[in-house]
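Structural overview
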Amino acid sequence: MSEYKSDLLRLLAERGHIHQLTDAEGLDKLACEGIVVAYNGYDATAPSLHIGNLASVMLLRRLQQAGHKPIALMGGGTTKVGDPSGKDESRKLLTQDAIASNIAGISQVFHRLLDFSDSPTGAVMVNNDEWLSTLGYIDLLRTVGPHFTVNRMLTFDSVKLRLEREQPLTFLEFNYMILQAYDFRELALRHGCRLQLGGSDQWGNIVNGIELTRRMNGIELFGLTTPLLTTADGAKMGKSVNGAVWLNEEMLPSYDFWQYWRNVDDRDVVRFLKLFTDLPLDEIARLEALQGSEINAAKVVLANEVTRLVRGEEAARAAETTAAATFAGGGLGQDLPTFEVGPDGIGIIDALIGLGFAASRGEAKRLIAGGGARLDGTAITDEAYHITLASGEAKLSSGKKKHGILRIA
RNA sequence: GGACAGGUGGCCGAGUGGUUAAAGGCAGCAGACUGUAAAUCUGCCCGCGCAAGCGUACGCUAGUUCGAAUCUAGCCCUGUCCA
């Protein structure tokens, strides 16, 4: 691990970012010689990236920290096709408009985590729709087609898994790897990009790009993948109260974002500190020494640091203050979700639904019946209970972790 | 175009005429224990209703039947093999 000569690979290795490298020695050498231009692509399948993508964004950040140049590629073109990697089913096709607005949402986080200034290592954002959408079918077949054999394409996991499980793989999706390969070559020619980063499920796509460019242009490219992030209990990372842990504020309030990190498994804390924060390693080592319930302190640091990077200093502080007030103080913090109530108060069931703690009246009732609904800390077991809010506001909780404020409008 | 297999609740997967809102598992939610951790144990887990009950639901449509997820016909979709 420490035999790398370049700052880049040493940094990435010690932080736990490296899963596989196509040519460790070659890349190490390249990184020693000068600025490496590297890219990672993001398809516009949702209005925001989520935690599962954060490792790769951090990777671009590290790259820049080590004195190299990151390219954030928006997959405006590839999204129209759909990457079958790691999926059992094809996604439904997105409209042009949806893709455009998704790109607008996704691109936000890069401006927080990367420096887009006009310097030799300034980050660049490009959209592959720029070159993919104008490709002519016959042209593409003739230029790229001869370099791919179907025999080989069938051996890549993205394809093989579908076939083995007898799940449909459409011809549309089958072409994805070709387009991604084409992207890498295009970026190499246009921007001098030499390295593609990606999640471990992108290995096949990356290798294809490297081979295509070598055959067509004789340029040597490199690939690096990050480990697939799973939590210590084996699940894919990134589920929270209401689904995915989104990076954008509009998709997930910062308080909930903070809480996700505050609640990670003990066994994940150190790994996540290395991957998702800029904390120096000796600081992390100090936190790693904590035992038992002291680990909670490390989780707070993790939550603060990640929230600061992704959501900003202010959001991180507000979330921490709120958490301290509601959990340690037993009161209520101002950053909790709030539901406004009329002057007559509100029934407990409607209050639970209003705060999003229950999706239906039935669910709210079950929560109450199970003893999970609390008003200012005391369990409410009567589903007809009416909350009057004499003091103007009250804390309503679902279980011990989900809290919200009811307030007279 | 032909033969065969299949399409069940968020997912996996039983069920082949009523006792089935549909076994079991996973995921999820809550309770106990804890450290806002893990593991474990317990309860809940389509909607509305205080309830009896009602409404929806087993690819789609039309039938048979007192009664269908279960039978029939047509259609749509998927896989395997064949042309």
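Remember, predicted model here, so these are calculated numbers, not experimental data.

Reading the values: the criteria
Residues numbered from 1 in each chain as written. Chains lettered and ligands numbered in written order. Predicted model: local features only at pLDDT ≥ 70, side-chain atom pairs only at ≥ 80, totals over all residues. Heavy atoms only, no water. Pairing = 2+ DSSP bridges. Helix = DSSP H or I, 4+ residues; strand = E, 2+ residues; numbered from the N terminus. Contact = heavy atoms within 4.5 Å. Axes fitted to C-alpha atoms, helices over the stretch in contact; angles between N-to-C directions. Buried < 20%, exposed > 50% of the residue type's maximum accessible area, 1.4 Å probe, protein only. Core = buried A, V, L, I, M, F, W, Y, C linked by side-chain atoms within 4.5 Å. Parallel < 35°, antiparallel > 145°, perpendicular 65-115°, else oblique. Left-handed = near helix turned anticlockwise from the far one by under 90°. Nonpolar A, V, L, I, M, F, W, Y, C, P; charged D, E, K, R; others polar. Polar contact = N/O pair within 3.5 Å; in protein donor to acceptor, adjacent residues only side chain to side chain. pLDDT = per-residue confidence, 0-100. Patch = residues over 30% accessible without salt bridge, like charges linked within 9 Å, V, L, I, M, F, W, Y side chains within 5 Å. Areas by Shrake-Rupley, 256 points an atom, 1.4 Å probe, with all protein chains shown as cover. Salt bridge = Lys/Arg side-chain N within 4 Å of Asp/Glu carboxyl O. Domains from an automatic or database assignment. Phe/Tyr/Trp six-rings, centres within 6.5 Å; stacked < 30°, edge-to-face > 60°. Lys NZ or Arg CZ within 6 Å of the ring centre and 35° of its normal.

1. Some points on the sheet that holds strand 5 (residues 195-199)
Spatially, 1-6-5-2-3-4 is the arrangement adopted by the 6 strands of the open sheet, whose pairing is mixed. Whereas interior strands pair on both sides, the edge strands pair on one side only; in this sheet they are strand 1 (20-21) and strand 4 (124-127). Two elements, strand 1 and strand 6 (residues 222-226), share 2 bridges in a ladder whose sense is antiparallel. Each bridged residue has a counterpart across the sheet, and for Gln20 the counterpart in strand 6 is Thr225. Against the sheet, helix 3 (residues 51-65) engages strand 2 (37-43), strand 3 (69-75), strand 5 and strand 6, with an angle of about 160° to strand 2.

2. As for the pairing of strand 14 (residues 393-398)
Burial within strand 14 is extensive, with 5 of its 6 residues counted as buried. Pairing geometry for strand 11 (residues 373-375) and strand 14, over 3 bridges, is antiparallel. Of the residues in strand 14, the one forming a bridge with Ala373 is Ser398. One ladder, built from 6 bridges, connects strand 14 with strand 15 (residues 402-408); its direction is antiparallel. Looking at the pairing, Ser398 lines up with Lys402 of strand 15. Counted between consecutive antiparallel strands, the loop separating strand 14 from strand 15 contains 3 residues, among which Gly399 sits at a positive phi close to 70°.

3. Some words on the nonpolar core
Soluble globular proteins: nonpolar side chains tend toward being buried together. One finds Leu54, Phe110, Leu195, Leu224, Trp261 and Phe276 to be the most contacted residues of the largest nonpolar core, which totals 71 residues. No other element matches the 8 residues that helix 3 contributes to this core. In this structure, Leu132, Phe156, Tyr176 and Ile206 belong to the second largest nonpolar core, which totals 30 residues.

4. A few points about the packing of helix 10 (residues 176-191) against helix 11 (residues 203-217)
Helix 11 packs onto helix 10 with a crossing angle of 55° between their chain directions and a minimal axis gap of 8 Å. Classed by the angle they form, the pair helix 10 and helix 11 counts as oblique. For the pair helix 10 and helix 11, the crossing hand works out as right-handed. Judged by residue contacts, Tyr176, Met177, Gln180, Ala181, Tyr182, Phe184, Arg185, Ala188 and Leu189 of helix 10 engage Asn205, Ile206, Asn208, Gly209, Ile210, Leu212, Thr213, Met216 and Asn217 from helix 11. Within the contact of helix 10 with helix 11, the residues separate by chemical class into 11 nonpolar, 6 polar and 1 charged.

5. A word on the side chain of Arg61
With respect to the helices and strands, Arg61 occurs in helix 3. Among the polar contacts made by the side chain of Arg61, one reaches the main-chain carbonyl oxygen of Leu113 at a distance of 3.1 Å. Discounting residues that sit within four places of it in the chain, Arg61 has contacts with Arg112, Leu113, Leu114, Asp278 and Leu309.

6. Remarks on the confidence of the model for chain A
Per-residue confidence for chain A averages 92 on the pLDDT scale, and 97% of its residues sit at or above 70. Prediction confidence for the complex, expressed as pTM and ipTM, is 0.92 and 0.87 respectively.

7. Observations concerning a nonpolar patch on the surface
On the surface, a cluster of nonpolar side chains totalling about 450 Å² of accessible area is made up of Tyr137, Ile138, Leu141 and Phe171. With 3 residues, helix 6 (residues 137-144) is the largest single contributor of residues to the nonpolar patch. Mapped onto the elements of the fold, Leu141 is located in helix 6. What makes Leu141 partly exposed here is its relative accessible area of 40%.

8. Topic: the domain arrangement of chain A
The domain boundaries assigned to chain A delineate domain 1 (7-226), domain 2 (253-328) and domain 3 (338-408). Spacing between the C-alpha centres of domain 2 and domain 3 amounts to 29 Å.

9. Here's the deal with the packing of aromatic side chains
In total, this model carries 8 aromatic pairs according to the counting rule given. With a centroid separation of 6.2 Å and 65° between ring planes, the pair formed by Phe257 and Trp261 is classed as edge-to-face. One end of the pair, Phe257, and the other, Trp261, are both in helix 12 (residues 254-262), 4 residues apart, so they sit about a helical turn from each other. Residue Phe257 shares its accessibility class with Trp261, and that shared class is buried. Between Trp261 and Phe272 the ring centres are 5.9 Å apart and the planes differ by 85°, which places this aromatic pair in the edge-to-face class. Linking Trp261 in helix 12 with Phe272 in helix 13 (residues 269-276), this pair joins segments that are 11 residues apart in sequence. Note on accessibility: Trp261 and Phe272 belong to one class, buried. Aromatic ring contacts, followed pair by pair, group Phe257, Tyr260, Trp261, Phe272 and Phe276 into a single cluster. The cationic tip of Arg311 hangs over the ring face of Phe257; the distance from NZ or CZ to the ring centre is 4.7 Å.

10. Considerations on the environment of Met251
Mapped onto the elements, Met251 comes out in the loop between strand 8 (243-244) and helix 12. As for Met251 and Glu393, which are separated by 142 residues in sequence, their C-alpha atoms are 26 Å apart. Excluding residues that lie within four positions of it along the chain, Met251 makes contacts with Pro47, Ser48 and Trp246.

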